[in-house]
Amino acid sequence: MSASCRRLTSGVAGPMVARQVLRTGEISRLCGVGMNKRKGVVLRGRRLVVLAEAVGRGEGVRLRSEGEDEERVEKWSYAAEDLRRGDLVVVEEKEDGGRCGGGCDGDRRMKVVVAAAFTVVLGVGNRVLYKLALVPLKHYPFFLAQLATVGYVLVYFSILSLRYNAGIVTDEMLSLPKTPYVAVGLLEALGAATGMAAGAILSGASIPILSQSFLVWQLLLSAIFLGRRYRVNQLLGCFLVAVGVIITVASGSSAGVSLKEVGIFWSLLMIISFLFQAADTVLKERIFLKAAEQLKRGSLDLFVVNTYGSAFQALFLCLLLPFLSKLWGVPFSQLPNYLKDGAACFLNIGSLSSGCDGAPLLPLLFVVVNMGFNISLLHLLKISSAVVSCLASTFSVPISVYMFTLPLPYLGVASSLPPGFVTGAVILLMGLLIYAWTPTTMDPSSSSSPSIP
């Protein structure tokens, strides 16, 4: 017989009274345990969940409390429906209070490390495949951008529908206010528009230097809007990561000269683009934190945030389409023919298929990996913070630079490593280690803790 999970609360005097029924498909997700877990005390986030097993109709629940060797039977009452023998119930949830010890903190850190490593791998694949996808679509980069945007909306809504039918996404999650998602879509659209405008003028070597402002913006916005306080080693680690990336990518190039030639306006516009992107990630973190306080059951599913954010982003990008097409060198009046020709090259059919070798495989691979990268990045943000997700994404930059020195197909002659690659990579790794280091005299739970008003 499949166990069901119910949430009970004990009164000061009298029987325990059930408050809520959870569907069978939600047991392992909401109760924080597997289907075969019967009773005990388990950790869900930073809260302890006390589990018990129903004895039978009208009899009570069998409960083993912390520090007790013997089980006891508590009386219960439930008005909506009867409990059956063997049903799994959640008696109460309470703050951890530090009893879980370093083991639980270590488990959480391991999850963050694994998620960060997965994000780095997908980040490298995302950068490499974007370069490969532009080989067949070298004349249609704007088409590739629109293909990815439309693909996000279709795929995310399909996944959201499947997760809703499976009971993972609940009506409560979908009923949360949509205004934050509108802000997410607007920030993403503004970040893309300003980034495209500045990127069309700036040299490729100068953009990685300016992109390090993204990390600075995240630190500032996290402190202002999330109430985070960073230790000295964390700030020093972020600084070294930024320096390491600049040395790794820009050494031996004329990035400094290029920045002087184009003037201050386009550099500031690119920095503002990264401000929009940083505000977007901090806002998503705030959405998750606020939802954890508002939802009665579980935490907000990341596909709810991804789906609505991408939908509103697509809406705002449509409104900015005349401006964006001009940035890509496509007059708005010629946009329909441009998209038609881009689709023919993407499908590798017709008279325009000449020079489109590698399509549609390479563009599709990029869209799939890019989607996986965005999902993993949001998952990492959900279980850690916006700054940690930024560091993971930044770490993929030097690895991508090294990947382009390998004989990859379709790219022709491999590039050579920048003169300062090794030095920059060492500094970057030192920065990551310094950021992750926690002084033994400090309580890990007390650092960088958010305070959401």
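Before reading on, note that the structure itself is shown above.
Colleague: Sorry if this is basic, but what is going on with the overall build of the protein chain here?
Modeller: Looking only at helices and strands, the protein chain features 16 helices and eight strands. Among the 453 residues that make up the protein chain, the fraction classed as buried is 46%. In the protein chain, the proportion of contacts linking residues at least 24 apart, taken out of those at least 6 apart, comes to 76%. Surface summary for the protein chain: the accessible area is close to 22,200 Å², and the carbon and sulfur share equals 65%.

Colleague: Hey, could you run me through the packing of aromatic side chains in this one?
Modeller: A complete count under the given rule lists 11 aromatic pairs for this structure. Arranged with centres 5.2 Å apart and planes meeting at 50°, the rings of Tyr 130 and Phe 366 form a pair that is tilted. With Tyr 130 in helix H2 (residues 101-133) and Phe 366 in helix H14 (residues 361-383), this residue pair connects regions lying 236 residues apart in the sequence. With a relative accessible area of 34%, Tyr 130 lands in the partly exposed category. On the numbers, 5.5 Å between centres and 50° between planes, the contact of Tyr 140 with Tyr 338 is tilted. Taken together, the positions of Tyr 140 in the loop between H2 and helix H3 (141-165) and Tyr 338 in helix H13 (residues 335-347) put the pair 198 residues apart, joining distant regions of the chain. Judged by relative accessible area, Tyr 338 falls into the buried class, the value being 11%. Within the aromatic cluster, the residues linked to one another by ring pairs are Tyr 140, Phe 142, Trp 328 and Tyr 338.

Colleague: What's the story with a nonpolar patch on the surface in this structure? I'm lost.
Modeller: On the surface, Val 216, Leu 220, Ile 224 and Phe 225 cluster together to form a nonpolar patch covering roughly 400 Å² of accessible area. Turning to its location among the elements, Val 216 is positioned in helix H7 (residues 213-225). Judged by relative accessible area, which is 47%, Val 216 ranks as partly exposed.

Colleague: So what exactly am I meant to see when it comes to helix H11 (residues 302-319) here?
Modeller: Residues three or four positions apart in an α-helix share a direction because the helix packs 3.6 residues into each turn. Helix length check: H11, at 18 residues, gives a terminal C-alpha distance of 26 Å against a target of 26 Å (1.5 Å per residue), a fit within 8%. In terms of residue burial, H11 counts as a mostly covered element, since 13 of its 18 residues are buried. The residue sitting at the N-terminus of H11 and contributing the capping side-chain oxygen is Asp 301; that oxygen lies 3.0 Å from the backbone nitrogen of Phe 303.

Colleague: What is the right way to look at the environment of Leu 321 in this model?
Modeller: Here Leu 321 lies in helix H12 (residues 321-327). Along the primary structure Leu 321 and Ala 193 are separated by 128 residues, whereas in three dimensions their C-alpha atoms are 9.5 Å apart.

Colleague: How do you make sense of the nonpolar core when you look at a structure like this?
Modeller: Counting 87 residues, the largest nonpolar core has Tyr 181, Leu 300, Val 304 and Val 387 as the members making the most contacts within it. The residues contacting Val 304, other than those within four sequence positions of it, are Leu 160, Val 169, Met 173, Leu 174 and Tyr 181.

Colleague: How should the pattern of salt bridges be read in this particular structure?
Modeller: Any two side chains of opposite charge can pair, so long as their charged atoms come close to each other. All chains considered together, the criterion is met by four salt bridges. One salt bridge in this structure joins Glu 188 and Lys 284, with 2.9 Å as the shortest N-O distance. Of this pair, Glu 188 sits in helix H5 (residues 179-199) while Lys 284 sits in helix H10 (residues 264-294), and the two are 96 residues apart along the sequence. Its relative accessible area of 11% is what places Lys 284 among the buried residues.

Colleague: When you look at the packing of H5 against H11 in this model, what are you seeing that I'm missing?
Modeller: When two helices pack together, their arrangement is given by the angle between their axes and by how far apart the axes lie. Where H5 contacts H11, the axes come no closer than 7 Å and their chain directions differ by 55°. Accordingly, the angle class assigned to the pair H5 and H11 is oblique. Crossing of H5 over H11 shows right-handed handedness. When H5 is examined against H11, the residues Tyr 181, Val 182, Val 184, Gly 185, Leu 186, Glu 188, Ala 189 and Ala 192 are found in contact with a partner set consisting of Val 304, Val 305, Tyr 308, Gly 309, Phe 312, Gln 313, Phe 316 and Leu 317.

Reading the values: rules and limits
- Sequence order sets the numbering: in each chain, residues are counted from 1 along the sequence as written.
- This being a predicted model, a pLDDT of at least 70 is required before a residue's local features are given, and a value of 80 or more before pairs of side-chain atoms are given or counted; all residues contribute to the totals for chains, interfaces and linings.
- The side-chain values count all of the structure's non-hydrogen atoms but skip hydrogen atoms and water molecules.
- Secondary structure elements follow DSSP: runs of H or I no shorter than four residues count as helices, runs of E no shorter than two count as strands, and numbering proceeds from the N terminus.
- Partly exposed describes any residue whose relative accessible area lies between the buried limit of under 20% and the exposed limit of over 50%, with all areas from a 1.4 Å probe on protein chains only and scaled to the type maximum.
- Should any heavy atoms of two residues lie within 4.5 Å, those residues are counted as being in contact.
- Areas reported here follow the Shrake-Rupley algorithm with a probe of radius 1.4 Å; residue values treat only the protein chains shown as occluding.
- Stacked, edge-to-face and tilted labels apply to pairs of Phe, Tyr and Trp rings (six-membered ring for Trp) whose centres lie within 6.5 Å, assigned for plane angles under 30 degrees, over 60, and everything in between, in that order.
- What goes into a patch is any residue over 30% in relative accessible area without a salt bridge, connected to like charges within 9 Å or, for nonpolar side chains (Val, Leu, Ile, Met, Phe, Trp, Tyr), within 5 Å.
- Should a side-chain nitrogen of Lys or Arg be within 4 Å of a carboxyl oxygen of Asp or Glu, the pair is scored as a salt bridge.
- Helix span, as expected, comes to 1.5 Å for every residue beyond the first.
- Pairing of N or O atoms within 3.5 Å defines a polar contact, subject to two protein rules: one partner must be a possible hydrogen donor and the other a possible acceptor, and residues neighboring in sequence count only if both atoms are side-chain atoms.
- Only buried residues count toward a nonpolar core, which is a set of Ala, Val, Leu, Ile, Met, Phe, Trp, Tyr and Cys residues joined through side-chain atoms within 4.5 Å.
- Inter-axis angles, ranging from 0 to 180 degrees, are taken between N-to-C directions of lines fitted to C-alpha atoms, where helices are fitted over the stretch in contact.
- Reported orientations rely on four angle classes, namely roughly parallel under 35 degrees, roughly antiparallel over 145, roughly perpendicular from 65 to 115, and oblique for the rest.
- By definition, any crossing whose near helix is turned counterclockwise from its far helix by less than a right angle is left-handed, and any crossing with a clockwise turn is right-handed.

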